[in-house]
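Okay, here's what each chain looks like letter by letter:
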Amino acid sequence: MDHRTKGFTLPELLAAVAVMVILITLAVPGFTRSIQSSKADTEMGDLQRAINYARLEAIDRGVTTRLRPSAGGSVWTGELSVYDSTGTPANVLRVVPAMSSGATLTLPSGVTALDFNNLGGLAAPSTAVVISYVLGTQSRTLNVCLNGRIQLGGSCG
């Protein structure tokens, strides 16, 4: 009589589980980095589109438009508002959702809003604006030049 059994022995099963745990341990940091990179690209793209929207609305409407934190002050990672200067109170054109928790957005000292004139140029502040974004190990830079050009990375020069 043949009493062979089918299946795995305990040492074989433990070896397979150990290999699987090692592979998962190696993959998780890369996966986390990939998620952070994707989130950073998305959030900077959203900010770039909001700035471009404010600029294009200034050109289209022929009036100054402003992008600033909805709550006022200098917390740019929260909800942002794009509005024009024709209404009283100001006419809100678009609201941009807040960034993810843990992200930091740094603008030059004293910059509480970005104003675009009817030609699409930066009306205020009177110098190019460099916006720095950091999320975990990911960092991005967005430049708003005096002529209104918006550049991801690089410089206005």
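Reading guide: rules and limits
- Residues numbered from 1 in each chain as written.
- Predicted model: local features only at pLDDT ≥ 70, side-chain atom pairs only at ≥ 80, totals over all residues.
- Heavy atoms only, no water.
- Helix = DSSP H or I, 4+ residues; strand = E, 2+ residues; numbered from the N terminus.
- Rg over C-alpha atoms; globule rule 2.2 N^0.38 Å.
- Buried < 20%, exposed > 50% of the residue type's maximum accessible area, 1.4 Å probe, protein only.
- Contact = heavy atoms within 4.5 Å.
- Areas by Shrake-Rupley, 256 points an atom, 1.4 Å probe, with all protein chains shown as cover.
- UniProt positions renumbered as here; feature names shortened; annotations may be inferred.
- Pairing = 2+ DSSP bridges.
- Core = buried A, V, L, I, M, F, W, Y, C linked by side-chain atoms within 4.5 Å.
- Axes fitted to C-alpha atoms, helices over the stretch in contact; angles between N-to-C directions.
- Patch = residues over 30% accessible without salt bridge, like charges linked within 9 Å, V, L, I, M, F, W, Y side chains within 5 Å.
- Salt bridge = Lys/Arg side-chain N within 4 Å of Asp/Glu carboxyl O.
- Disulfide = S-S within 2.5 Å.

Draft legend 1. Quick peek at the overall build of the protein chain. Summing up its helical and strand segments, the protein chain has one helix and nine strands in all. Since a compact globule built from 157 residues should have a radius of gyration of about 15 Å, the 25 Å found for the protein chain marks it as more spread out than a globular shape. Considering only C-alpha atoms, the protein chain reaches an extent of 95 × 35 × 25 Å along its principal axes. For the protein chain, the proportion of its 157 residues judged to be buried stands at 32%. In the protein chain, of all internal contacts separated by at least 6 residues, the share reaching a separation of at least 24 is 51%. Per element, the accessible surface of the protein chain, about 9,600 Å² overall, is 59% carbon and sulfur.

Draft legend 2. The UniProt feature "transmembrane region" (unreviewed entry) in the protein chain, seen in detail. Per the UniProt record, "transmembrane region" (unreviewed entry) is found at residues 12–31. For residues 12–31, the end-to-end C-alpha separation is 29 Å, with 100% helix and 0% strand making up the annotated structure.

Draft legend 3. Fine view of the pairing of strand β7 (residues 129–135). Here β7 shows one buried face, formed by Val129, Ile131, Tyr133 and Leu135, and one open face, formed by Val130, Ser132 and Val134. Pairing of β7 with strand β8 (residues 138–144), which is carried by seven bridges, proceeds in the antiparallel orientation. Residue Leu135 lies in a different strand from β8, and its bridge partner there is Gln138. Counting the residues that bridge the hairpin from β7 to β8 gives two residues, and of these Gly136 lies at a positive phi of roughly 65°.

Draft legend 4. Structural detail: the nonpolar core. Residues Leu47, Ile51, Leu67, Leu105, Leu114 and Ile131 are the most contacted members of the largest nonpolar core, which totals 29 residues. The leading source of residues in this core is helix α1 (residues 10–61), at eight residues. Beyond its immediate chain neighbours, meaning those up to four positions away, Leu47 contacts Leu80, Met99, Leu105, Ile131 and Leu142.

Draft legend 5. Broad picture of the sheet that holds strand β2 (residues 80–84). Spatial strand order, β3-β2-β1-β5-β6: five strands in an open sheet with antiparallel pairing. If you trace the sheet from one side to the other, it starts and ends with β3 (91–96) and β6 (122–124), each paired once. Neighbour to neighbour, the strand axes of the sheet diverge by 30° on average, direction disregarded. With three bridges connecting them, strand β1 (residues 65–69) and strand β5 (residues 114–116) associate as antiparallel partners. When the bridges of β5 are listed, Arg66 appears paired with Asp115.

Draft legend 6. Expanded view of a nonpolar patch on the surface. Together, Phe8, Leu10, Leu13, Leu14, Val17 and Val21 make up an exposed nonpolar region whose accessible area comes to about 640 Å². Position of Leu14 relative to the elements: it lies in helix α1. Looking at Leu14, the relative accessible area reads 54%, which means it is exposed.

Draft legend 7. Examining the state of the cysteines more closely. Summed over all chains, the structure comprises one disulfide. Each disulfide pairs two cysteine sulfurs, and for Cys145 the partner residue is Cys156, the sulfurs being separated by 2.1 Å. Looking along the S-S bond of the Cys145-Cys156 disulfide, the torsion reads about -95°, which is the left-handed sense. Taken as a pair, Cys145 in the loop between β8 and β9 (150–152) and Cys156 in the segment after β9 lie far apart in primary sequence, 11 residues in all. Residue classification places Cys145 among the buried residues on the basis of a relative accessible area of 3%. You can call Cys156 partly exposed: its relative accessible area is 25%.

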